[in-house]
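Now for the letters of each chain:
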Amino acid sequence: MADVHVLDSSTINKIAAGEVVERPASVVKELVENSIDAGAAHIEIEVASGGTSLIRVTDDGCGMSMKDAKLAIERHATSKISEASDLERIDTLGFRGEALPTIAAVSRFMLFTREKNHETGTRICIEGGRNTSVEEAGGNIGTTVRAEDLFFNVPARKKFLKTNHTEGNHCSDVVTKLALSHPEISFRFINNGKQTMKTPGTGSLFDTIQSIYGGMVADSLLGLELEFPDEEIHINGYITKPSMLKSSRAWQTLIVNGRAIGNRAVMKAIDNAYRAMIPKSGFPLAVLCIDIPQRSIDVNIHPRKSEVKFQDESTVFKAVYKSIVDAIRPEKNSLDSVAGYAENAERHVEHMEFHPGTTDVQQHYVVEPGQGKSSAHMNENSLFDHIRSSVSYDNRTNSGMIADKPAMDFEEAQRLLHRQMIAESPENNSRNEKTEADNDLVGSVVAIGQVDKTYIIAKDDKGLYIVDQHAAHERILFDKYSGYAEAIPSQQLLVHQILEFDQRESEIVGSNLQLFRKMGFAMEQAGDHDFRLMEIPMDIPEKDAEETVREILSDIFERKISSPQEIRQSVIATASCRAAIKAGDELNQHQMQIILDELSRTEHPYTCPHGRPTILKFTSGELAKMFKRTGF
């Protein structure tokens, strides 16, 4: 057995870096939080190559003396706490005293700091945790920390980093959440030499949101505020109107006592409050600030302090639920009192399973009576113009109601469907010939009818088929778009649309303009974060143009994709989904048969581009077993 020995400080710091410094964004978070704790009014963050080659954070805070600066690079040296009992009343973002020494252990590190009443400051340089040099130097009041060549001496950690683009986005996300949690501080974020974010530092959360996400998002904001005196809980912030929903919760920020954190139970409270009243799927942009007694939370449960544990999670859930409902439904109703809202929220809590010791939530969502369907807006000018102009659509349940209009005749249906679905390129023709031999759908499946205006029922000599009409058409269009060797055919917009993006979205669009153009979306820059949309793919309704582009961007961020090939796939998949017929569209016999015939010519007829099944098949033998006609 090997001898037991004490590790040297350099090795200890590198081990600690595995928890505290997971990626460049972790360094940004730790350094900016130190600047906030130092009372800075202005903080500038610069990263290069996703933060792997350079991270620099400069503030105008209180600074440190030479004595304190030397101590600050020692492990567990901190000015935030003195003893264990202080953990119960932490009012600073940092408190462990691990950030600076662990960052210095895995980078080429430089710290400069100067106090207000001193003519000179202190510069400390460390290379990979060794060769420390300390000297007097001149500079502005405040502190600057620079970390270069991150993980240069820990190659095992460096190889697990994502692309520079992805890591840069993580850094941007961190700065965004910190800026939202401290609107009184002016933040400036520079990525690869380009300023991508600047907040005013006026103390107004609305102004900060507007500077980050743009004027269009700001126009859709709903303010919220709620006081639970008995529980000592105060909630304020903003949430977007139902018309401004995102496909993921990436734009949701939860702030507890000035600390941006994650808590799944609170996020579920937002979801429940919205989905109990609004028949549309999606996630609102939300910035919620929760003030709660420090004794009621534990921030010391995660190495990066990115989560908190509430003493009474159920009460916080109810408070968030009521604040959202009040913002969306400001008028008086039967749930006007705090007790009434709490009772309504309780019904949702009863269907949530909280796992002890974690913040994971399993939600068994129950739709209350009257909340499931809506005869929402009329969907016009879509892929099936003549059909879907008579469809009233429910965006949440994909159910629809058909007005009293006759179905189109066969010739018209054939013309529309073949124009929309048949790929004319030689590549598609050769592909169809190759797959027909292996596809048991070819020339044999006959449409019988439609169930719930959503599923096509068909049969052949081998059994029974149930086909999801939207998924099937989505697969047909996806293969059609993918088959274009050059650009996807587009249609020019008579009136160009000006699309306003946040800094991350505009960066994606700006760096992939040519790719978007080949996919049928012709755009050009019209401002710092504005783009003019001039052309869209020919199968997408003009009224869906902007929402389609935003869905594509949401998919890119949600799946964290960055390569041109992945972006191309995302564009094609989203455009196919948007252009395809929907559940609730009424089809006649001939239209259903055309869909089946075209589906049989695709390479992968059994799944849509997102992996959902398009067909359920029941063989004669399986049907016999269901009806107990066999002795199994």
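As shown above, the structure is provided for reference.
Thresholds, definitions, all that
- Residues numbered from 1 in each chain as written.
- Predicted model: local features only at pLDDT ≥ 70, side-chain atom pairs only at ≥ 80, totals over all residues.
- Heavy atoms only, no water.
- Axes fitted to C-alpha atoms, helices over the stretch in contact; angles between N-to-C directions.
- Helix = DSSP H or I, 4+ residues; strand = E, 2+ residues; numbered from the N terminus.
- Parallel < 35°, antiparallel > 145°, perpendicular 65-115°, else oblique.
- Left-handed = near helix turned anticlockwise from the far one by under 90°.
- Contact = heavy atoms within 4.5 Å.
- Nonpolar A, V, L, I, M, F, W, Y, C, P; charged D, E, K, R; others polar.
- Expected span 1.5 Å × (residues − 1).
- Buried < 20%, exposed > 50% of the residue type's maximum accessible area, 1.4 Å probe, protein only.
- Disulfide = S-S within 2.5 Å.
- Polar contact = N/O pair within 3.5 Å; in protein donor to acceptor, adjacent residues only side chain to side chain.
- Pairing = 2+ DSSP bridges.

**A look at the packing of helix 2 (residues 24-37) against helix 6 (residues 164-181)**
- Taken N-terminus to C-terminus, the directions of helix 2 and helix 6 make an angle of 25°; their axes are 8 Å apart at the nearest point. Relative to helix 6, helix 2 is oriented roughly parallel. Between helix 2 and helix 6 lies a crossing of right-handed hand. Where helix 2 approaches helix 6, its residues P24, A25, V28, K29, V32, E33 and I36 are matched on the opposing element by E167, H170, C171, V174, V175 and L178.
- Among the residues making up the contact of helix 2 with helix 6, the classes are represented as 9 nonpolar, 1 polar and 3 charged.

**Regarding helix 10 (residues 313-328)**
- For helix 10, spanning 16 residues, the distance from its first C-alpha to its last is 23 Å, which sits close to the expected 22 Å at 1.5 Å a residue.
- Counting buried positions along helix 10 yields 14 of 16 residues, so the element is predominantly enclosed.

**Observations concerning the state of the cysteines**
- Within this structure, the stated rule accounts for 0 disulfides.
- Among the cysteines around C608, which has no disulfide bond, C577 carries the closest sulfur, lying 7.7 Å off.
- Taking relative accessible area as the criterion, C608 reaches 2% and is therefore assigned buried.

**Some points on the environment of S323**
- Tracing the backbone shows S323 in helix 10.
- Overall, the relative accessible area of 1% leaves S323 in the buried class.
- Distance in space between the C-alpha atoms of S323 and G237 is 9.5 Å, their sequence separation being 86 residues.
- Only 2.8 Å separates the side chain of S323 from the backbone oxygen of V320, close enough to count as a polar contact.

**Some details on the environment of A319**
- Tracing the backbone shows A319 in helix 10.
- Residue A319 is classed as buried on the basis of its relative accessible area of 0%.
- Considered as a pair, A319 and E231 are 88 residues apart in the sequence and their alpha carbons are 9.5 Å apart.
- Dropping the residues within four chain positions of it, A319 is found in contact with L226, F228, I233 and I235.

**Side note on the sheet that holds strand 22 (residues 446-451)**
- Strands sit in the order 22-23-24-28 across an open sheet of 4 strands; the sheet is antiparallel. Looking at which strands have only one partner, the edges of the open sheet turn out to be strand 22 and strand 28 (615-619). Here the strands of the sheet are splayed against their neighbours by 20° on average, with no regard to which way each runs.
- Summarising the sheet, strand 24 (residues 463-468) and strand 28 pair through 5 bridges and their orientation is antiparallel. Note that in strand 28 the partner of I466 across the bridge is L616.
- With respect to the sheet, helix 20 (residues 589-600) is in contact with strand 22, strand 23 (455-460), strand 24 and strand 28, its orientation differing from that of strand 22 by roughly 115°.

**A look at the pairing of strand 23**
- Here 5 bridges tie strand 22 to strand 23, and the two strands are oriented antiparallel to one another. Note on strand 23: the bridge partner recorded for V451 is Y455.
- The loop that links strand 22 with its antiparallel partner strand 23 comprises 3 residues; one of these, D452, has a positive phi angle of about 55°.
- The sheet contact formed by strand 23 and strand 24 spans 6 bridges and is antiparallel. Residue pairing across strands places D460 opposite G463, the latter belonging to strand 24.
- Counting the residues in the hairpin turn of strand 23 and strand 24 gives 2 residues.

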